[in-house]
Every structure is written in structure tokens, then in C-alpha cells.
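Coordinate analysis (summary)
Chain by chain, the residues:
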Amino acid sequence: MPASILSLSVLDSADLTSYVRQTVTKLLLGELDKLRHDPEQLEFAEKRAVNAHERVNHARRLRDSYALGTTERDEADRLLVDVKSLQSLLDAVIVACTSSRGI
């Protein structure tokens, strides 16, 4: 399994704390410069980005289904932040890949 797929699947884990997820995200961003010249990375990120946008919308709807001040709402807020973080990472990969290729 390519490292990029493995790394992103790690971010999907519900068992990660926000701190660990942020650390993994920072490490992935650090590797971004190495990957941005690879067309396969761009294709991978573009395919995953569509799914990430859908996940953000789903997480937002889930969060909005809970009443303010409840434990469920707080947990759903944290999930939404994490999903948005993954989407931002994928968007950053796309921008880096396309800007390095003059697209």
C-alpha cells in the first residue's frame, strides 16, 4: 500500500486523539514537497478530495442533529474539525501538485 494511502487511512481512525491527528497531519504536510512532483499523488488526492467534501457535509449534518450543549454535540463538533482537517490536507496536496506543474 502506498505511504500516502496508509497515512490518510490513519487519519480516518476514530481512535486518534486530536493531538495525534494534528501531529500526523503536520508530518504529512512536511512530506508534501517530496510528493508534489508525482502525477499519481495528484490523482490520488483529487479522488479522495471528493469523498472528503462529502464527509465534511455528513459530519456537519450529524453535528447539527444534536442539541447544543450535549455530549453528543461536543463529540460531533470534534469529528467535524477532524474531517475538515483531512479535507484541508487533501486540498493542500492538490494545490501543491498543480502549482508545481504550472496547472
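Here, every reference points to the structure presented above.
Residues numbered from 1 in each chain as written. Predicted model: local features only at pLDDT ≥ 70, side-chain atom pairs only at ≥ 80, totals over all residues. Heavy atoms only, no water.

1. Some thoughts on the overall build of the protein
The following threshold applies: Secondary structure elements are taken from DSSP: a helix is a run of H or I of four residues or more, a strand is a run of E of two residues or more, and numbering for both begins at the N terminus. Buried means the residue's accessible area, taken with a 1.4 Å probe over protein chains only, is under 20% of the maximum for its type, while exposed means over 50%, and partly exposed covers the values in between. Whether two residues are in contact is decided by their heavy atoms, any of which lying within 4.5 Å being enough. In this description, accessible areas are obtained by the Shrake-Rupley approach with a 1.4 Å probe, and a residue is regarded as covered only by the protein chains that are shown.
Tallying secondary structure elements over the protein gives 4 helices and 0 strands in all. Tracing the protein from N to C terminus, the helices and strands come up as α-α-α-α. Per-residue burial for the protein yields a buried fraction of 31% across its 103 residues. For the protein, long-range pairs separated by at least 24 residues make up 70% of all intrachain contacts whose partners lie at least 6 apart in sequence. As displayed, the protein offers around 6,700 Å² of accessible surface, 56% of which is attributable to carbon and sulfur atoms.

2. Re the nonpolar core
To keep things clear, this is the line we draw: Nine residue types can take part in a nonpolar core, namely buried Ala, Val, Leu, Ile, Met, Phe, Trp, Tyr and Cys, and a core is a set of them joined through side-chain atoms within 4.5 Å.
Core analysis: the largest hydrophobic core is formed by 9 residues, namely Leu 42, Ala 45, Ala 49, Ala 52, Leu 86, Leu 90, Val 93, Ile 94 and Cys 97. Elements that contribute at least two residues to this core include exactly α3 (39–64) and α4 (71–100). Counting residues per element, this core draws most heavily on α4, at 5 residues. Sequence-distant contacts of Ala 49, that is, excluding residues within four places in its chain, are made with Leu 90, Asp 91 and Ile 94.

3. Let's talk about the environment of Gln 87
Rules: Counted as a polar contact is a pair of N or O atoms within 3.5 Å, where, for protein atoms, one must be capable of donating a hydrogen and the other of accepting one, and residues adjacent in sequence contribute only when both atoms are in side chains.
In this structure, Gln 87 sits in helix α4. Taking relative accessible area as the criterion, Gln 87 reaches 15% and is therefore assigned buried. Taking the C-alpha atoms as reference, Gln 87 lies 6.6 Å from His 53; in sequence the two are 34 residues apart. Beyond its immediate stretch of four places on either side in the chain, Gln 87 contacts Ala 52, His 53 and Val 56. One polar contact links Gln 87 to His 53, side chain to side chain, over a distance of 2.6 Å.

4. What to know about the pattern of salt bridges
Just so we agree on the cut-off: Take a side-chain nitrogen of Lys or Arg and a carboxyl oxygen of Asp or Glu: if they are within 4 Å of each other, that pair is a salt bridge.
As enumerated under the stated definition, the model contains 2 salt bridges in all. Between Asp 64 and Arg 63 there is a salt bridge, and its shortest N-O distance comes to 2.9 Å. Residue Arg 63 pairs with Asp 77 through a salt bridge whose shortest N-O separation is 3.6 Å. Taken as a pair, Arg 63 in helix α3 and Asp 77 in helix α4 lie far apart in primary sequence, 14 residues in all.

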